[in-house]
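# Residue-level structural notes
Spelled out, the chains give:
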Amino acid sequence: MLKTTISTSDSKHSYLEFTDLVVAVNSKEILKNVSGIVYSGDLLAVMGPTGSGKTTLLNTLAGRIPAVSGRVNLNGMPFDKVLRRRLGYVIQSDVFLPSLTLWETLYFTAMIRISDRFTKAEKLERMNTIVKALGLQKCLHTGIGDLSISGMSGGEKKRASIACELLTDPDILLLDEPTSGLDSSTAYTLMVQLKNYATEFNKTIVATIHQPSSQVFHMFSTLLLLVEGEMAYFGHASSAIGYCSGLGISCGEHYNPADFLCKLLEQLASDSKTIDILKENGKTIKIYPPVRGKGQGRRRYSYTGDENELKPLHVDNDWNKSILHGTCSQLSMCSGGAFVMEEGKAVPRWPTSMLHQLKMLNWRILKQSKGQIFKKYYIIHAVFLALVVGAVYFQIDNVERTVRDKMGLVFFSLLHWGLRIRFATIWNLHKETDVIRKERSVGVYRLSAYYLSKMTTELPLLLVIPTLFNTAVYWAAGLGGVEVYFAYCGFGILNCLLIQSLAHVIGVCINDLTLSMLVMDCFNIGGLLLGGFFNIHPPSWLVWSKYISLVHYPYAATMIYMLKDMENIRCNETSVTSYPQCILNKTEMVTTQDVLAGVGIDLHLHCYVLTLILSIIGFRILGYFALKWKGM
């Protein structure tokens, strides 16, 4: 039972009809004039060999792939973006954040996809009821996991995917290969639960199935067979064998009819004459929408072998009246819709408010990133590195001869933590891209809410270890007083912000993890060679290159502030080749500005700081539009 305070509503009688669908992907026709109809309370199974267009059909019904021609209607009305909010779609691959537990995943889904009209207690009650109905209690606090992280089994992940969609109480549920990768017992149990859900609450289920067991096959209300993108059969599942017998193809006694049909279609791929006959007979099947009629009970239909027609048997007058005169005001929903009509008035586009979306996204990012950033090995590495660097640069004198030592320490710190921030940002983004795209495709939250949360909530986690490292090294090396300490840490934070902003843009624009890392490496190598530490006297035609190095700006700003209190030195105390004014007069004084200019830092402090801030803002804005460009 799935009834709770936010009960799984008994959907009004409805029918989903698709007629003469033609779908092309990359100029290749995948579906060719495919038609069908499925009613509330029924389970439509879509079968066929690999490459027959099963998943493409579901994607078309879900609105993810546009049809070249044909139409999809719900209760006789175009199945547009508004009505598709009544639809739940469980894709074949289970897309989750692997570091979260099942409870955390379902909690986030319930809190953000169920309308704000319901209290937190009501949402939790519904979540717990669905967990019990799908038998997920034992793994509720188990991590989702992936190839590198141990976690839930394949069957548990599949049921978790279905649970996430059931939380929104969809009227229509699409499932792509729900039994794929499951053993026969688990697959049977899952299909029983789905069948009960459809019949008990009058829901519509469309599922692609690959070689179901005989027990599962007999649960199907209707069967659609596809071969090479064309309809080979559509009608009652129980009539499929009779249809094949009429074509001279018989099924042996005690033979699984599902296996028979699948193997038949696979064999037909090499028999052009027989496959043409099957396609031609498929075109003769006619599908009738509901009509007014007498009789009681829910709408049913039947296949007649002589006329190859799917005809209505009897129609409930009340239901027939509601679907023939239905309007958008009758098609409201209780939870996951991004835009619906209720009593003729528009309601908010999103199920929850912007503030609530930010709250839940912040909560999930903290849960997800905390375990990845604060791994014990990372902490041990940072402590060990701080001890080594602190010992090497212990209590440096604030004089001219130690300038290069201080430069090396600052440059190393900025470059090292920039690399760590780059890796963490791109890796985390790569892990969650598919999840964000799935959630955004059904209008769970605003893109601006996700981006704002991503750019702010993750930062404290990313900055904690670098700041603690800089604090320990700064005081161990004796680089200055309290004022310089805050400047040193502040410029380190600006450097992390800059690297994170750029890494986010590159990670969004380049889907391949390895390639995005290589691109960031190019920036890092450029900063290493052109940043102004390893080569302070480049060729004259390459002097300008330091200004395109990201690490140059925080590095130069830090050195200006760190050396501002250094005492002037006389020319006779240093090399005359280092400072031109000393060649003529050895009594001249060498100032901090002269020392900085000698190492290529020749602009004012505010120029470096302003460039840093403007670059961060620019990359942040570019990152948002990159997300929109990639269709997130």
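Keep in mind that what you see is a predicted model, and the values were worked out from it rather than measured.

About the cut-offs
Residues numbered from 1 in each chain as written. Predicted model: local features only at pLDDT ≥ 70, side-chain atom pairs only at ≥ 80, totals over all residues. Heavy atoms only, no water. Phe/Tyr/Trp six-rings, centres within 6.5 Å; stacked < 30°, edge-to-face > 60°. Helix = DSSP H or I, 4+ residues; strand = E, 2+ residues; numbered from the N terminus. Lys NZ or Arg CZ within 6 Å of the ring centre and 35° of its normal. Patch = residues over 30% accessible without salt bridge, like charges linked within 9 Å, V, L, I, M, F, W, Y side chains within 5 Å. Areas by Shrake-Rupley, 256 points an atom, 1.4 Å probe, with all protein chains shown as cover. Salt bridge = Lys/Arg side-chain N within 4 Å of Asp/Glu carboxyl O. Expected span 1.5 Å × (residues − 1). Buried < 20%, exposed > 50% of the residue type's maximum accessible area, 1.4 Å probe, protein only. Pairing = 2+ DSSP bridges. Axes fitted to C-alpha atoms, helices over the stretch in contact; angles between N-to-C directions. Contact = heavy atoms within 4.5 Å. 1 Å grid on protein atoms, 1.4 Å probe; cavity = no way out; pocket = protein on both sides within 12 Å on 5 of 7 lines; lining within 4 Å. Points joined across faces, edges and corners; volume = space filled by probe spheres on them. Nonpolar A, V, L, I, M, F, W, Y, C, P; charged D, E, K, R; others polar. pLDDT = per-residue confidence, 0-100.

### Things to note about the packing of aromatic side chains
Aromatic ring pairs are described here by two measures, namely the spacing of the ring centres and the angle between the planes. For the structure shown, the criterion picks out 16 aromatic pairs. Their ring planes at 90° and their centres at 5.3 Å tell us that F411 and Y555 sit as a pair that is edge-to-face. Linking F411 in helix α13 (residues 403-441) with Y555 in helix α17 (residues 552-562), this pair joins segments that are 144 residues apart in sequence. The ring of Y378 carries R420 above its face, with NZ or CZ at 4.9 Å from the centroid.

### Concerning a nonpolar patch on the surface
Residues L610, I613, L614, I617, I621 and F625 make up a contiguous nonpolar surface patch of about 570 Å² in total accessible area. Relative to the helices and strands, L614 is located in helix α20 (residues 605-629).

### Focus: helix α3 (residues 120-133)
Given a rise of 1.5 Å per residue, 14 residues ought to cover 20 Å, and the 20 Å separating the end C-alpha atoms of α3 matches this to within 8%. Of all the positions in α3, only K123, R126, M127, T129, I130 and V131 are classed as buried. One or two positions beyond α3, positive phi appears at G135, with a value near 65°.

### Side note on the sheet that holds strand β3 (residues 43-47)
Think of a sheet as strands paired side by side through backbone hydrogen bonds, with each pair either parallel or antiparallel. Spatial ordering of the open sheet is given by β6-β7-β8-β3-β9-β10, a layout of six strands whose pairing is mixed. In this open sheet, the two strands that pair with only one neighbour each are β6 (87-90) and β10 (230-236). Strand-to-strand twist across the sheet, computed as the mean angle between neighbouring axes with direction ignored, equals 15°. When β3 meets strand β8 (residues 204-208), the two strands line up parallel, connected through four bridges. The partner of L43 across the bridge, within β8, is I205. Helix α1 (residues 54-61) contacts β3, β6, β7 (172-176), β8 and β9 (222-227) of the sheet and is inclined by roughly 150° relative to β7. Across the face of the sheet, helix α5 (residues 184-201) comes into contact with β3, β7 and β8 while running at roughly 150° to β8.

### What about empty space enclosed by the protein?
Counted according to the given criterion, the structure contains seven cavities of 30 Å³ or more. Computed from the structure, the largest cavity encloses a volume of approximately 300 Å³. Those elements that provide at least two residues to the lining of the largest cavity are β6, α2 (102-113), α4 (154-166) and α13. At five residues, α2 tops the list of elements feeding residues into the lining of the largest cavity. Taken together, the residues of the lining of the largest cavity break down into 13 nonpolar, four polar and seven charged.

### Here we look at α20
For α20, with 25 residues, the first-to-last C-alpha span of 36 Å sits near the 36 Å given by 1.5 Å per residue. Where α20 is concerned, the buried positions are Y608, L612, I616, F619, R620, G623, A626 and L627. Buried-residue contacts for α20 involve α14 (447-477), α15 (482-509) and α17. Where α20 ends, the next residue or the one after it, G631, has phi of about 75°, a positive value.

### Observations concerning the confidence of the model for the protein chain
Per-residue pLDDT for the protein chain averages 76, and the proportion of residues at 70 or more is 74%. Taken together, the stretch residues 1-6 has pLDDT below 50 and engages in 24 contacts with residues farther than four places along the chain or on a different chain. In the model, residues 291-345 has pLDDT below 50 throughout and makes 144 contacts with residues more than four positions away in sequence or in other chains.

### Topic: the sheet that holds strand β4 (residues 69-74)
With antiparallel pairing, four strands are arranged side by side in an open sheet as β2-β1-β4-β5. Edge positions in the sheet fall to β2 (28-39) and β5 (77-78), since each has one partner strand and no second. The sheet contacts of α1 involve β1 (15-25), β2 and β4, and relative to β1 the element is tilted by about 115°.

### Topic: the pattern of salt bridges
Counted by the stated rule, this structure contains six salt bridges. Of the charged contacts in the structure, one is a salt bridge between E104 and K367, with a shortest N-O distance of 3.8 Å. A residue pair is termed long-range when its members are at least 10 positions apart, and E104 in helix α2 and K367 in helix α11 (residues 354-373) qualify at 263 residues. For E104, a relative accessible area of 14% corresponds to the buried category. As a salt-bridge pair, K203 and D171 come within 3.4 Å of each other at their nearest N and O atoms.

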